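Analysis of the macromolecular model
For reference, the chains in residue letters:
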Amino acid sequence: MHTDDTITAISTPVGHSGIGIVRLSGKDAIKIADRIFRSPKKKNIKKTPSHRMLYGHIIDPETKDIIDEVLLSIMKAPNTYTKEDIVEINCHGGAVPLRRTLELLLKCGARHAEPGEFTRRAFLNGRIDLAQAEAVLDVINALTVESQKTAVQQLRGTFSKKMESIREMLLELTALVEAHIDFPEEDIESIPLAGMKNRAAEIRKSLEKLIDTSRYGMILRDGLKTAIIGRPNVGKSSLLNALLAHDRAIVTNIPGTTRDVIEDHLNIQGLPVKIMDTAGIREVKDIAEKEGVKRSLRLMEEADLVLLLLDGSEDLHDTDRELIEKSETGSTMIVINKSDLPQKIDPAVEADFKPFPTLTISAKTDTGLDTLKSRIVELATGGRSGSGADMVTNIRHVHALERALSSMDSFSSEAGRKTPPEFLAVELRDALDAIGEILGITTPDDILNRIFDNFCIGK
Ligand SMILES: Nc1nc2c(ncn2[C@@H]2O[C@H](COP(=O)(O)OP(=O)(O)OP(=O)(O)O)[C@@H](O)[C@H]2O)c(=O)[nH]1
Ligand SMILES: [Mg+2]
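Residues numbered from 1 in each chain as written. Chains lettered and ligands numbered in written order. Predicted model: local features only at pLDDT ≥ 70, side-chain atom pairs only at ≥ 80, totals over all residues.

For the protein, the count of helices and strands is 15 helices and 13 strands. Projected onto its principal axes, the C-alpha coordinates of the protein cover approximately 85 × 80 × 35 Å. Relative to its 459 residues, the protein shows a buried fraction of 38%. Across the protein, contacts joining residues at least 24 apart in sequence account for 67% of those joining residues at least 6 apart. (Helix = DSSP H or I, 4+ residues; strand = E, 2+ residues; numbered from the N terminus. Buried ≥ 20, exposed ≤ 12 C-beta atoms within 10 Å, placed from the backbone. Contact = placed C-beta atoms within 7 Å.)

Shown next, in the form of structure tokens:
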């Protein structure tokens, strides 16, 4: 990845809008913009102080064609997004003026930016670390206000500071251990193991505390994948519609109405929920419905939360019992629907229900839906609420923290066995590498590429 050239891209979505922005970053950004910009008052971009805007026109230097009327923002290094010179051209928000402006910039020596390359430069030039770069994308993709608040805190570096402090503790401990490598004649008995173990325990506790936040953190970032599962006609599609408060899925009294998985998004008290209605589970010959049932069963295993729906106006079927038997505790809620009709199921006497939270609703009359929503939030958050600076929201970070934790465990058990200090140091170096990967200090190029490939072009 070169950083010595000047990159450009359209930074706003394609379509019609009031304005659209073409961005330029690099050492020649101002020189290149100067070739295609004319100010009616003859103001010179090169002499304009940093962080100023100029009014003028984009002009094709060869044909002298006026391409658009624009405002130009000039931001000089180092106080910019990339720490390089940046020029942002506010064009009118149509595909043609934006594309023609971009083409002129390319003709005048800029290179088209790769996805996420502006942010990658901000990272490579040391303005933000890798966790902060990832938070940029999380701010853009945030599903709810709570998810966005957490991402903004991470972008400001609160999570990175936490990582830095763990790294600092690890470096101190490593120095302590490595000091003993240099004295091979030294008696292992004289190494202050107790002090080292205490420090290691402290680091371990910090890591564990962070990993503990990750279940909720990842839900906040990616949404709680919630599947409504049950046999045909129990009211799964009706529940989806009731939760969304509009007729998203087809509801009929004919069993086997839903064939495909129907997905939508809900915001329950700030918690982003991806809700999925599924095909009713039963033995069938019809090929399309059979495929639907297969997908329902797969989702039942993959979902973060399963709402196992029963029809309270009918006796429990064998299929209901089989589904309950298949269900995992901790991620399943039994929801008895059709409470507006005379009830045949009494949750108090059903021993099979005991391991699961159970509640009664009517999708038809909206009864019990608020309680259902609160229970979903409780189950997802485990009592935690809101957004948090010390929250781990990214699966890549979770895996790295788990690696660090396992290295700390190996360190502690090896230290107990009086292992020579050079071997103890290896464990600590592994933990340091794992934390370094989160911050981008020791992250391999293929991982960096994968991270920035997820960005849009122009960010
Ligand atoms: N009385 C009453 N009827 C309901 C309730 N919820 C759903 N129904 C009715 O039950 C029937 C089936 O509802 P659906 O929502 O299509 O059921 P489903 O589980 O999606 O069915 P499949 O898609 O076939 O698996 C329809 O006639 C609904 O009007 C409820 O709370 N009370
Ligand atoms: Mg349905």
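Following the structure, the description resumes.
Lining the immediate surroundings of ligand 1 are 24 residues, of which G235, S237, S238, T258 and G280 lie closest. Take the shell around ligand 1: its biggest share by element is three residues, from helix α9 (residues 236-244). (Near = placed C-beta within 6 Å.)

Glancing now at the sheet that holds strand β1 (residues 7-10). Read from one edge to the other, the open sheet built from seven strands follows the order β3-β4-β5-β6-β2-β1-β7, with strand pairing classed as mixed. A strand with exactly one partner marks an edge of an open sheet, and here the two such strands are β3 (37-38) and β7 (111-112). As defined by bridge partners, β3 adjoins strand β4 (residues 52-59) across two bridges and the pair is classed as antiparallel. Opposite F37, over in β4, you have I58 as the bridge partner. (Pairing = 2+ DSSP bridges.)

Attention shifts here to the packing of helix α6 (residues 158-178) against helix α14 (residues 421-439). Interhelical geometry of α6 versus α14 gives an angle of 165 degrees and a closest axis separation of 9 Å. When the axis of α6 is compared with that of α14, the two are roughly antiparallel. Of the two elements, α6 crosses α14, and the hand of that crossing is left-handed. Each of S160, M163, I166, R167, L170, L171, L173, T174, V177 and E178 in α6 lies in contact with α14, whose residues at this interface are P421, L424, A425, L428, R429, A431, L432, I435, I438 and L439. Residues of the contact of α6 with α14, tallied by class, amount to 15 nonpolar, two polar and three charged. (Axes fitted to C-alpha atoms, helices over the stretch in contact; angles between N-to-C directions. Parallel < 35°, antiparallel > 145°, perpendicular 65-115°, else oblique. Left-handed = near helix turned anticlockwise from the far one by under 90°. Nonpolar A, V, L, I, M, F, W, Y, C, P; charged D, E, K, R; others polar.)

All right, on to the sheet that holds strand β11 (residues 305-311) then. Spatial strand order, β9-β10-β8-β11-β12-β13: six strands in an open sheet with mixed pairing. Each having just a single partner strand, β9 (262-268) and β13 (358-360) make up the two edges of the open sheet. This sheet shows a mean twist of 25 degrees between the axes of neighbouring strands, independent of strand direction. Relative to β13, strand β12 (residues 332-337) runs parallel, the two being bridged by three bridges. Residue pairing in the sheet places V335 in a bridge with L359 of β13. Sitting on the sheet, helix α10 (residues 287-302) touches β8 (224-229), β10 (271-277) and β11, and the angle it makes with β8 is about 135 degrees.

Considered domain by domain, the protein is made up of domain 1 (7-124), domain 2 (133-213 + 392-440) and domain 3 (227-381). Taking only C-alpha atoms into account, the centre of domain 2 sits 42 Å from that of domain 3. If you look at the interface, domain 2 gives five residues, while domain 3 gives five residues. Grouping the amino acids of the side of domain 2 that touches domain 3 by side-chain chemistry returns two nonpolar, two polar and one charged. (Domains from an automatic or database assignment.)

One can find T258 in the loop between α9 and β9. Discounting chain neighbours no more than four positions away, the residues touching T258 are K236, S237, A249, D277, T278, A279 and G280.

All right, on to the nonpolar core then. Core analysis: the largest hydrophobic core is formed by 69 residues, its most contacted members being A33, V87, L428 and I435. Here this core gets eight residues from one element, more than from any other, and that element is α14. In terms of domain composition, this core takes at least three residues from each of domain 1 (7-124) and domain 2 (133-213 + 392-440). In terms of nonpolar packing, the next biggest core, distinct from the first, is built from 38 residues, L224, L323, I334 and I336 among them. (Core = buried A, V, L, I, M, F, W, Y, C linked by C-beta atoms within 7 Å.)

Take the packing of helix α3 (residues 117-124) against helix α4 (residues 130-141) next. Following both chains from N to C, one finds α3 and α4 inclined at 160 degrees, their axes separated by 9 Å at the closest point. Regarding the angle of α3 to α4, the classification is roughly antiparallel. For the crossing formed where α3 meets α4, the hand is right-handed. Across the interface between the two elements, T119, A122 and F123 from α3 touch L130, A133 and V136 from α4. When the residues that make up the contact of α3 with α4 are grouped by side-chain class, the tally is five nonpolar, one polar and no charged.

Burial within β12 is extensive, with five of its six residues counted as buried. Two elements, β11 and β12, share six bridges in a ladder whose sense is parallel. Pairing of L308 across the sheet is with I334, part of β12. Running through helix α11 (residues 318-326), the crossover from β11 to the neighbouring parallel element β12 is right-handed. (Right-handed = clockwise from strand over helix to strand, strands pointing away.)

So, on to the pairing of strand β6 (residues 86-93). Pairing of strand β2 (residues 17-25) with β6 involves eight bridges; the strand directions are antiparallel. Looking at β6, one finds that I19 is bridged to H92.

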